[in-house]
Amino acid sequence: MMTAGISPELTSALILMQWGFLAYFICINVVYLALNFIAMFAILRHAREHGASFRVKNFASYQPPVSILVPAHNEERTILTTVRSLLRLGYPNFEIVVVNDGSTDNTLQAVVNGFGLVEFPEAYRSRLHTEPVKRIFASPHNGRVRVVDKHNGGKADALNAGINTARFPLFCVVDADCILQEDSLARVVQPFLEDASMIATGGVIRIVNGCKVQDGLLSEVDLPNKVLPLVQTVEYLRAFLFGRLGWSPINALLIISGAFGVFYKERVIAAGGYKSDLVGEDMEMVVRLHNRMREEKRPYKIAFVPDPICWTEVPSDLRSFYNQRVRWQQGLAESLFGNWRLMFRRNGGMVGWVAYPFMLLFECLGPLVEVFGYAAVIVLGLVGMLSVQAFFAFLFAAVGLGILLSVNAMLLEEISFHLYPRPSQQLKLFLVAVLENFGYRQMTSLFRVIGMVRWLVTLRRRSSWGHVRRSADWQDHEPQVAASGPAAP
Amino acid sequence: MSFLMQADAQIVFAFWVGVCVSVASLLMLSAVLVLRQIAQRRERNHLRAAAFWRQVLSAATQAAPASVPALPWRDMAGFVDVWNELHDAPERADSPGMRAVAERVGLAPKLERMLRRSSFHDKVMAIIAMGYLRSQTSFEQLAGLIDDASPIISISAARALMRIDAVRAVQQVVPQIVARHDWVDGGIAQMLDEAGPRVVEKELGAAALRANDDVAPRLVRFLAAVSPEEAAPVIGKILAEPHDEHLVSTCLQVMQNPADLDKARALLAHPRWHVRMHAAAAIGRLGTADDAPALAPLLADAQWWVRYRTAQALQQLFGSDDARLQQLRDSHQDRFARDILTQVMAERALEEST
């Protein structure tokens, strides 16, 4: 940094700031590399022990029944495909509870007609408080499907109503726009069979943009053609294959995606269910479960299953992307600050002593540091105090580390699941891993800072549906039952 | 590069970090591409071998082959996959033709070699294949794996041993079922089922009575699934003594002997709701309409599941006589009792309408 012409105090402050940035930069990358290291072992172990093709057959008779909860608000376009795909799951015993959370479109009608449902006098259990339930529908033709029709209360409220309706001890949350694979449920339930202290598991979410779906199941995996979803493909690989897998073996996983996760119902009810005044109710639930179990000094495990098991459409337009990221950041801040007692708790384990502080310092406050760094570079550049050499050297290192983390995620993917088999796909992903550092990363950080600001401004308000505009062009053109059409058998 | 000589230490550090990670990224990308090629080649080879040996082995299930081609080492994984797959289909299991192929290609020593040298997956597949081969010479080698640290290897070895010689293996396998909490219940159940009740019931029954209350529920469940007759005295004995409520619940769930009904009736007032629920369900399954008055108060139980199972039990006891259920509903003062009876009747109506 050029220091000519400025006061010694300011120079000292700037030098201190530089060291601060450097220390932050080293810390975050060291932790990321450590997570990579743990994830590498975890994924190799998982692939080694779960890759054996004979395994699944062994468990069928002992797989516990699962209630699949599908909260839906204005999901008319995708809800039938989702429920049909769920019905094709290769799992011995499950029920599907669609919770229509006061949709203003034809979501309810689509499901009622699609499955020939009839109103049913169910003795509803109000174990968790929710907005009033209007009606419950059941199917004379398909005993697995039920629909709860309730007043609008947000996703968390819909999930609580689903938990009240669920018959089985495990419940699985599936977003109404997700596609599962035939063995998805079996894979994500597997940790419950292997460990009695398991209370929640989450699966990998992959991007369906660019893929082909037939009969509600994924038929062909490919990369998206548009740039924004393509960049998110690399980001998801990184986020799931080491961002989450790295924390799981040390029982410090703080996030289970709201799109696909399985929970032990009684533990969630004991924790008070989902909080309907938060936007990040999914992450908050996991952090609260950690906090609660440690408070009660109960043995527990929360695990992550790395197999690619749930496919979702990511935003392909900037507006939806912005909304999603702002919402995620709000959710992160809510979850962490709402459960601050978990940090440095005496019996906090790795989650209280490592994962929570890391998430707070680097994932939650990190975007502020990053955007502050960008602003400092611009201001210093404008006033002529920026060392070009230093700027390019640090940019080189930061971008290089970013690429390294992405390529490492690609390597983890290759040694485990190899979903993208063509070399051209690998090269495309590599190119994106390079390019995302120029623009996308900065834009995301900025959105996340806006999310933090919004969190501060709108503390405590009722959760709303964070909808993303979806093209749903990956759906096959199977005959959709008209929302107002006759009941299908 | 001269700036490296004059620049600050931080800048030099950042520069070299950038160089190192860029080189590492390129190396990793190369690794990804190379691994892809290797995986594709391996997959092609595996598919070719599997297709070829599927043809040979499928033909052998119809008639013993006159000649059998040599089995090269590179085809072993494909061969073993097909061998196990065909044995999984019960109609093809243990065909003399397949055994003849195994003998002519020298499968037993090859599997032993595979077990010693291969990857985890291939090792497990070799263990399973040895079980299907039923060669007594493999027994000792497999017995050494029954207490392997990996639950997959140990349970696969146990299943293979039970296939080779169940009478001899059961002495070693049942103590492992008691000791190994990491053995998945589905795998154990399948293994016991394959061995048959005669071989396992005595050993399992004795183990269930010896086991502590933490382990006993699993054993009772396995025993009841394999041999309800042998399970009945064990269940009767457990219910006659004070035991952990989880064990009591398990016994109620698998109870099949009407002689034990008195014990179930006594448990309708148990302080733990899941015991009351399973007691009600057991009475619904094995009782008579005379049990209805004892069940009726449970329709107003604080727990939804107790009310639900009780309503279902009453429906079972009354059979097709819906009028009695309706009468019971109309006479009940408790709203929750009426609601649950309405639901259970509606469920039956829904089922009957299909």
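Look up a bit, the structure's there.
Our subject in this report is the structure included herewith. (Residues numbered from 1 in each chain as written. Chains lettered and ligands numbered in written order. Predicted model: local features only at pLDDT ≥ 70, side-chain atom pairs only at ≥ 80, totals over all residues. Heavy atoms only, no water.)

This part takes up the overall build of chain B. Check the secondary structure of chain B and you find 20 helices and zero strands. The C-alpha radius of gyration computed for chain B amounts to 30 Å, which surpasses the reference 20 Å derived for 354 residues by more than 25%, pointing to a less compact arrangement than a globule. For chain B, the spread of C-alpha atoms along the principal axes amounts to about 90 × 75 × 45 Å. In chain B, which comprises 354 residues, the share counted as buried stands at 51%. (Helix = DSSP H or I, 4+ residues; strand = E, 2+ residues; numbered from the N terminus. Rg over C-alpha atoms; globule rule 2.2 N^0.38 Å. Buried < 20%, exposed > 50% of the residue type's maximum accessible area, 1.4 Å probe, protein only.)

The subject of this paragraph is unusual backbone geometry. Residues and elements named next belong to chain A. Of note, the phi angle at K297 is positive, near 55 degrees, even though the residue is not glycine. Along the chain, K297 falls in the loop between helix 9 (281-295) and strand 12 (301-312). We note that F344 has phi near 55 degrees; this positive angle belongs to a residue other than glycine. Residue position: F344 is located in the loop between helix 10 (318-338) and helix 11 (349-364). You can call F344 partly exposed: its relative accessible area is 44%.

Judged by how many residues are buried, helix 3 (residues 79-87) of chain A sits mostly within the fold: eight of nine residues are covered. Those residues of helix 3 of chain A not exposed but buried are I79(A), L80(A), T81(A), T82(A), V83(A), R84(A), S85(A) and L86(A).

This part is about the side chain of S227(B). All names here are of chain B. Summarising the element assignment, S227 is placed in the loop between helix 12 (216-226) and helix 13 (228-240). Under the relative-accessibility criterion, S227 is labelled buried at 1%. Sequence-distant contacts of S227, that is, excluding residues within four places in its chain, are made with P197 and E201. (Contact = heavy atoms within 4.5 Å.)

With that settled, consider the interface of chain B and chain A. Opposite the 55 residues of chain B that make contact, chain A presents 52 residues. For the pairing of chain B and chain A, the buried interface totals around 4600 Å² over both sides, and the portion due to carbon and sulfur atoms is 71%. Run the count over chain B and chain A and you get two salt bridges. One salt bridge in this structure joins E347(B) and R167(A), with 3.1 Å as the shortest N-O distance. Mapped onto the side of chain B that touches chain A, the elements with two or more residues apiece are helix 2 (9-62), helix 6 (120-133), helix 8 (151-164), helix 10 (185-195), helix 12, helix 18 (304-318) and helix 20 (335-352) of chain B. The biggest single contributor to the side of chain B that touches chain A is helix 2 of chain B, with 23 residues. Its residues placed into classes, the side of chain B that touches chain A shows 32 nonpolar, 16 polar and seven charged. (Buried area = accessible area lost by both parts, 1.4 Å probe. Salt bridge = Lys/Arg side-chain N within 4 Å of Asp/Glu carboxyl O. Nonpolar A, V, L, I, M, F, W, Y, C, P; charged D, E, K, R; others polar.)

What follows deals with the pattern of salt bridges. All names here are of chain A. Counting across every chain of the model gives 41 salt bridges over all chains. Ionic pairing is found between D175 and K155, a salt bridge with its closest N-O pair at 2.9 Å. With D175 in the loop between strand 6 (170-174) and strand 7 (178-180) and K155 in helix 5 (residues 155-165), this residue pair connects regions lying 20 residues apart in the sequence. Like D175, the residue K155 is buried in the burial classification.

All names here are of chain A. With respect to the helices and strands, E363 occurs in helix 11. E363 sits 332 residues away from V31 along the chain, and the two C-alpha atoms are 12 Å apart. The contact partners of E363, leaving out residues within four places of it in the chain, are Y32, Q329, L332, F358 and R448. At 2.8 Å, the side chain of E363 and the side chain of Y32 are in polar contact. (Polar contact = N/O pair within 3.5 Å; in protein donor to acceptor, adjacent residues only side chain to side chain.)

Residues and elements named next belong to chain A. Read from one edge to the other, the open sheet built from 10 strands follows the order 3-4-5-2-1-6-11-8-12-7, with strand pairing classed as mixed. In the strand order of this sheet, the two ends are held by strand 3 (118-119) and strand 7, each with one partner. Relative to strand 4 (residues 133-138), strand 3 is paired through two bridges, and the arrangement is antiparallel. By the bridge assignment, E119 is partnered in strand 4 with F137. Sheet contacts for helix 5: strand 1 (66-72), strand 2 (94-101), strand 4, strand 5 (145-150) and strand 6; angle to strand 2, the most-contacted strand, approximately 140 degrees. (Pairing = 2+ DSSP bridges. Axes fitted to C-alpha atoms, helices over the stretch in contact; angles between N-to-C directions.)

Residue and element names in this part refer to chain A. Examined against the element boundaries, E436 turns out to sit in the loop between helix 14 (423-435) and helix 15 (440-457). Owing to a relative accessible area of 5%, E436 belongs among the buried residues under this scheme. Once residues lying within four places of it in the same chain are set aside, the contact partners of E436 are V231, V234, R238, S406 and R441.

On to the pairing of strand 11 (residues 260-264) of chain A, then. Residue and element names in this part refer to chain A. In terms of residue burial, strand 11 counts as a mostly covered element, since four of its five residues are buried. Across five bridges, the pairing between strand 6 and strand 11 is antiparallel. If you follow V174 over to strand 11, its bridge partner there is F260. Pairing analysis gives three bridges linking strand 8 (residues 198-207) to strand 11, with the strands arranged antiparallel. Bridging across to strand 11, G202 finds its partner in G261.

On to helix 19 (residues 322-331) of chain B, then. Residue and element names in this part refer to chain B. Among all positions in helix 19, only L325, L328 and R329 are buried. Viewed end-on, helix 19 has its buried residues packed into an arc of 100 degrees, placing them on one side of the element. Helix 19 presents A323, Q327 and D330 as exposed residues on the side facing more than 90 degrees away from its buried surface. Where the residues of helix 19 are buried, they touch helix 18 and helix 20. (Arc of directions from axis to C-beta.)

Another aspect to go through is the packing of helix 3 (residues 76-88) of chain B against helix 4 (residues 96-105) of chain B. All names here are of chain B. One way to put it is that helix 3 packs onto helix 4 with a least axis distance of 12 Å and a crossing angle of 160 degrees. By the angle between their directions, the pair helix 3 and helix 4 is classed as roughly antiparallel. The hand of the helix 3/helix 4 crossing is left-handed. Residue-level contacts link F79, W83, L86 and H87 of helix 3 to M98, V101, A102 and V105 of helix 4. Of the residues assigned to the contact of helix 3 with helix 4, the class counts are seven nonpolar, one polar and no charged. (Parallel < 35°, antiparallel > 145°, perpendicular 65-115°, else oblique. Left-handed = near helix turned anticlockwise from the far one by under 90°.)

Here we come to the packing of helix 11 (residues 197-210) of chain B against helix 12 of chain B. Geometry of a packed helix pair, given as the angle between the helix axes and the separation of the axes. All names here are of chain B. Packing of helix 11 against helix 12 leaves a shortest axis separation of 9 Å and a crossing angle of 155 degrees. Between helix 11 and helix 12, the angle falls in the class roughly antiparallel. By crossing handedness, the relation of helix 11 to helix 12 is classed as left-handed. Contact residues: helix 11 offers P197, V200, E201, L204, G205, A207 and A208, while helix 12 offers A216, L219, V220, F222, L223 and V226. Its residues placed into classes, the contact of helix 11 with helix 12 shows 11 nonpolar, one polar and one charged.

Treat this as a map of the structure, not an account of what it does.
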